[in-house]
Amino acid sequence: MKIALGADHAGYELKEQAKKILLKLGHEVIDFGTTGKDSVDYPDFGLKVGKAVAEGSVQRGMAVCWTGAGMTIAANKIKGVRAVLCLNSDMAQLARSHNDSNVLTLSQKYINPGDLENIIKTWLDTPFEGGRHERRINKISQAESK
């Protein structure tokens, strides 16, 4: 799978860990930055990840900041993006199975680095259930069109 990855300065370390995990799992990573701990603006990176997903140049995206909240807000401004902040593997499973999440947002502050691989694997491996959940996703898509 081709996955867009981005972070601000406060999510840089976790992004780099996520990149290593994704490559180890055999995925192709498009890294939109940042490249270090110098202060940058999280929307620049969350929007790039969201646009790559919406345009279809990648299948999914991941974005990291200090709390994950800013990246979630930024990525969700892009039509067609369903970015969900997941702090554990249960949230990741539900984000995929119920919400058909296509962007995973992560918190450097609140995620234990030892849990990161399980969160990522769960999110990547969980299929969307469809059914009643598809009806709900369609309502969101319709609202984006207005």
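Here, the structure is the one placed above.
Residues numbered from 1 in each chain as written. Predicted model: local features only at pLDDT ≥ 70, side-chain atom pairs only at ≥ 80, totals over all residues. Heavy atoms only, no water.

Engineer: Looking at this model, I keep getting lost on the layout of surface pockets. Mind explaining?
Structural biologist: To find leftover empty space, a probe the size of one water molecule is rolled over the atoms. There is about 160 Å³ of room inside the largest pocket. Around the largest pocket, the lining residues are N76, V81, R82, A83, V84, H98, N99, H133, R136, I137, I140 and E144. Only β4 (83-85) and α6 (132-144) provide two or more residues apiece to the lining of the largest pocket. Ranked by the residues each element gives to the lining of the largest pocket, the list is headed by α6, at 5 residues. Its residues assigned to classes, the lining of the largest pocket comprises 5 nonpolar, 4 polar and 3 charged. (1 Å grid on protein atoms, 1.4 Å probe; cavity = no way out; pocket = protein on both sides within 12 Å on 5 of 7 lines; lining within 4 Å. Points joined across faces, edges and corners; volume = space filled by probe spheres on them. Helix = DSSP H or I, 4+ residues; strand = E, 2+ residues; numbered from the N terminus. Nonpolar A, V, L, I, M, F, W, Y, C, P; charged D, E, K, R; others polar.)

Engineer: Sorry if this is basic, but what is going on with the packing of aromatic side chains here?
Structural biologist: What characterises a pair of aromatic rings is the spacing of the ring centres plus the angle enclosed by the ring planes. Counted under the stated rule, the structure contains 0 aromatic pairs. Positioned above the aromatic ring of W123 is the side chain of R60, whose terminal nitrogen or guanidinium carbon lies 4.9 Å from the ring centre. (Phe/Tyr/Trp six-rings, centres within 6.5 Å; stacked < 30°, edge-to-face > 60°. Lys NZ or Arg CZ within 6 Å of the ring centre and 35° of its normal.)

Engineer: Help me understand a nonpolar patch on the surface, please; the structure alone is not making it clear to me.
Structural biologist: Together, L87, M91 and Y110 make up a nonpolar patch on the protein surface, roughly 260 Å² of accessible area in all. With respect to the helices and strands, the residue Y110 is situated in the loop between β5 (103-107) and α5 (116-125). Classification of Y110 by relative accessible area gives partly exposed; the value is 49%. (Patch = residues over 30% accessible without salt bridge, like charges linked within 9 Å, V, L, I, M, F, W, Y side chains within 5 Å. Areas by Shrake-Rupley, 256 points an atom, 1.4 Å probe, with all protein chains shown as cover. Salt bridge = Lys/Arg side-chain N within 4 Å of Asp/Glu carboxyl O. Buried < 20%, exposed > 50% of the residue type's maximum accessible area, 1.4 Å probe, protein only.)

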